[in-house]
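A structural walkthrough
Next come the chains, spelled out residue by residue.
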Amino acid sequence: LVGFEMIDRGIPRHDYIIKDAAGNAIGKVTSGTQSPSLSKAIGLGYVATSHAAIDSEIYIDIRNSLVKAKVVKLPFGQ
């Protein structure tokens with residue numbers, strides 16, 4: 001289970017597929033929202049351990065479009 005911040009514009013939602021840069025499925029979003037205090041979209045999701053390191057680049061499949069995100073240290077904003 002990792003926390004992630006969206007780099008590109010988009011809000012991750014429950015059950016969206018997490019993919020790598022090549023478009024291969026590597027996990028699934030468990031929850032996501034727009035954070036008013038951080039002024040960015042954030043989420044939690046299960047990913048393959050090879051993509052779970054802090055600052056790993058991941059992509060959220062939002063309506064058949066890959067939207068860039070990165071794995072961050074929890075709790076958010078620290």
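Everything discussed here concerns the structure shown above.
A short tour of the structure in this document, coming up. Sequence order as written defines residue numbering, which begins from 1 separately in each chain. Side-chain atom pairs in this predicted model are given and counted only at pLDDT of 80 or more, local residue features only at pLDDT of at least 70, and totals for whole chains, interfaces and linings cover all residues. Water and hydrogen atoms play no part in the side-chain values, which are based on all heavy atoms of the structure.

The subject of this paragraph is unusual backbone geometry. A cis amide bond links Leu 74 to the next residue, Pro 75, at an omega of 0°. Examined against the element boundaries, Pro 75 turns out to sit in the segment after strand E6 (65–72). Notably, Asp 15 is not glycine yet its phi reads approximately 75°, a positive angle. Helix and strand assignments come from DSSP, with helices taken as H or I runs of at least 4 residues and strands as E runs of at least 2, each series counted from the N terminus. Counting through the fold element by element, Asp 15 comes out in the loop between strand E1 (2–6) and strand E2 (17–19). Phi at Ser 39 takes a positive value of approximately 55°, unusual for a residue other than glycine. Burial classification: accessible surface area is computed with a 1.4 Å probe over protein chains only, and a residue below 20% of its type maximum counts as buried, one above 50% as exposed, and the rest as partly exposed. The exposure class assigned to Ser 39 is exposed, which follows from its relative accessible area of 61%.

What follows deals with the sheet that holds E6. On the basis of which strands lie adjacent, the closed barrel formed by 6 strands has the order E1-E4-E3-E2-E5-E6 and antiparallel pairing. Ignoring which end each strand starts from, the neighbouring axes of this sheet average 45° apart. Where E2 meets strand E5 (residues 57–62), 2 bridges bridge the pair, whose relative direction is antiparallel. Note on E5: the bridge partner recorded for Lys 19 is Tyr 59. Between any two strands, at least two bridges found by DSSP are needed for them to pair. Only C-alpha atoms enter the line fits that serve as axes; for helices the fit covers just the stretch in contact. Angles between N-to-C directions range over 0 to 180 degrees.

Now for the pattern of salt bridges. Whenever a carboxyl oxygen of Asp or Glu lies within 4 Å of a side-chain nitrogen of Lys or Arg, that contact is scored as a salt bridge. Across all of its chains, the model carries 5 salt bridges by this definition. In this structure, Lys 28 and Asp 15 form a salt bridge, with 4.0 Å as the shortest nitrogen-oxygen distance. Of this pair, Lys 28 sits in strand E3 (residues 25–35) while Asp 15 sits in the loop between E1 and E2, and the two are 13 residues apart along the sequence. A residue is classified by how much of its surface remains accessible, and Lys 28, at 38% relative accessible area, is partly exposed. Residue classification places Asp 15 among the partly exposed positions, given a relative accessible area of 41%.

Of the pairings in the sheet, the one linking E1 to E6 comprises 4 bridges and is antiparallel in character. Following the sheet pairing, Phe 4 is matched in E6 by Val 71. In the sheet, E5 pairs with E6 via 6 bridges, with the strands oriented antiparallel. Each bridged residue has a counterpart across the sheet, and for Ile 58 the counterpart in E6 is Ala 69.

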